[in-house]
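Here's the letter readout for the chains.
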Amino acid sequence: GLLLALLVRGHVLLEGVPGTAKTLMARTLAAALDAEFTRIQFTPDLLPSDILGTTVYRADRGEFEFRQGPIFTDTLLADEVNRAPAKTQSALLEAMEERQVSTEGTTRQLSERFIVLATQNPVEYEGTYPLPEAQLDRFFVKLEVPLPSQAVEAELLRRVDAGFDPHHLDRAGVTAVITAERLRAVREEVAAVRITDAVVGYITAIVASTRTSPDLMLGASPRGSISLLAGSKALAACNGRDYVLPDDVKDLTLPVLRHRLMRRP
């Protein structure tokens with residue numbers, strides 16, 4: 001899911017209980033890209049300026065200077081994003097959609113590799129603020145991070161016992177595998193993947209059904225259709241094909257649409 005988001009310049013919402021390596025996944029992705037990584041712990045007292053940056057007066061120069069916030073990075077981990085109030089959450093909207101930040105009448109561009117990986121805890125709701133639909137719609141996919149199986153957890157313990165340290169990824173063999181220039185070229189290859197009118201019709205039929213279902217208050221938006229199209233092309237490319245199959249669409253329908261729908265009580 002993270003790889004597909006990277007290929008289509010999308011953002012990811014990771015949902016799982018604490019301790020399931022959501023932060024580690026984000027740090028590993030950044031290390032493999034040789035990208036700058038920034039983590040923001042979202043709290044109820046976090047302000048938009050704490051994310052975007054602020055203007056300060058430099059007495060020595062007699063002028064105002066903009067100090068960039070942590071959003072000016074390549075890989076941004078918004079940890080427990082639903083713990084910040086709506087005003088702070090909305091500070092991410094422009095950055096996620098336009099890849100730019102507007103403050104005090106000035107627009108500043110973000111990195112072309114900018115990606116938001118936001119996490120939220122599905123269990124603990126006390127002191128949380130549900131993400132507004134407008135922001136949820138800007139996430140390419142919502143990935144559920146489950147607890148590991150007993151066999152996987154046993155393997156995890158063996159690796160930790162052997163010396164694995166998540167704070168030193170280089171010792172675990174995680175190294176940069178792609179440059180920014182090569183990533184740009186790969187994205188162009190993904191965009192060139194072919195999709196037939198029949199498969200496009202399949203995508204629109206799926207999305208249209210969410211808008212007419214009696215079980216849903218709100219169906220998926222056209223942005224959901226675009227995400228399903230782009231993600232299917234990326235998945236096809238990852239599977240070594242230059243054309244999209246209906247199965248590519250089926251595999252991505254749940255992660256792409258699950259957070260864009262509102263069910264009736």
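Above: the structure in question.
All values reported here derive from a predicted model rather than from experimental measurement. (Residues numbered from 1 in each chain as written. Predicted model: local features only at pLDDT ≥ 70, side-chain atom pairs only at ≥ 80, totals over all residues. Heavy atoms only, no water.)

## A short note on the packing of aromatic side chains
Line of reasoning, step 1. For the coordinates displayed, the defined rule picks out 2 aromatic pairs.
Line of reasoning, step 2. Judged by centre distance (6.1 Å) and plane angle (75°), the ring pair of Phe 66 and Phe 72 falls under edge-to-face. Judged on exposure class, the residue Phe 66 and its partner Phe 72 are both buried.
Line of reasoning, step 3. Just above the ring of Phe 66 sits the side chain of Arg 108; from NZ or CZ to the centre is 3.7 Å. (Phe/Tyr/Trp six-rings, centres within 6.5 Å; stacked < 30°, edge-to-face > 60°. Buried < 20%, exposed > 50% of the residue type's maximum accessible area, 1.4 Å probe, protein only. Lys NZ or Arg CZ within 6 Å of the ring centre and 35° of its normal.)

## Observations concerning the sheet that holds strand S1 (residues 12–15)
Line of reasoning, step 1. Strand order in the open sheet made by the 5 strands is S2-S5-S8-S1-S9, with parallel pairing throughout. In the strand order of this sheet, the two ends are held by strand S2 (37–41) and strand S9 (141–144), each with one partner. This sheet shows a mean twist of 20° between the axes of neighbouring strands, independent of strand direction.
Line of reasoning, step 2. Across 5 bridges, the pairing between S2 and strand S5 (residues 75–79) is parallel. Note on S5: the bridge partner recorded for Gln 41 is Asp 79.
Line of reasoning, step 3. Contacting S1, S2, S5 and strand S8 (115–120), helix H2 (residues 22–33) crosses the sheet at an angle of about 170° to S5. (Pairing = 2+ DSSP bridges. Helix = DSSP H or I, 4+ residues; strand = E, 2+ residues; numbered from the N terminus. Axes fitted to C-alpha atoms, helices over the stretch in contact; angles between N-to-C directions. Contact = heavy atoms within 4.5 Å.)

## Focus: the nonpolar core
Line of reasoning, step 1. Counting 36 residues, the largest nonpolar core has Leu 2, Val 12, Leu 117, Val 249 and Val 256 as the members making the most contacts within it.
Line of reasoning, step 2. No other element matches helix H1 (residues 2–7), which puts 5 residues into this core.
Line of reasoning, step 3. Setting aside anything within four residues of it in sequence, one finds Leu 117 in contact with Leu 2, Val 12, Ala 26, Leu 29, Thr 75, Leu 76, Leu 77 and Ala 78. (Core = buried A, V, L, I, M, F, W, Y, C linked by side-chain atoms within 4.5 Å.)

## Digging into the packing of helix H9 (residues 197–212) against helix H11 (residues 246–257)
Line of reasoning, step 1. Contact pair H9 / H11: the axes reach a minimum separation of 10 Å and the direction vectors enclose 30°. By the angle between their directions, the pair H9 and H11 is classed as roughly parallel. The handedness of the crossing between H9 and H11 comes out as right-handed. Together, Val 199, Tyr 202, Ile 203, Ile 206 and Thr 210 of H9 and Pro 246, Val 249, Lys 250, Thr 253 and Leu 257 of H11 make up the contact between the two elements.
Line of reasoning, step 2. When the residues that make up the contact of H9 with H11 are grouped by side-chain class, the tally is 7 nonpolar, 2 polar and 1 charged. (Parallel < 35°, antiparallel > 145°, perpendicular 65-115°, else oblique. Left-handed = near helix turned anticlockwise from the far one by under 90°. Nonpolar A, V, L, I, M, F, W, Y, C, P; charged D, E, K, R; others polar.)

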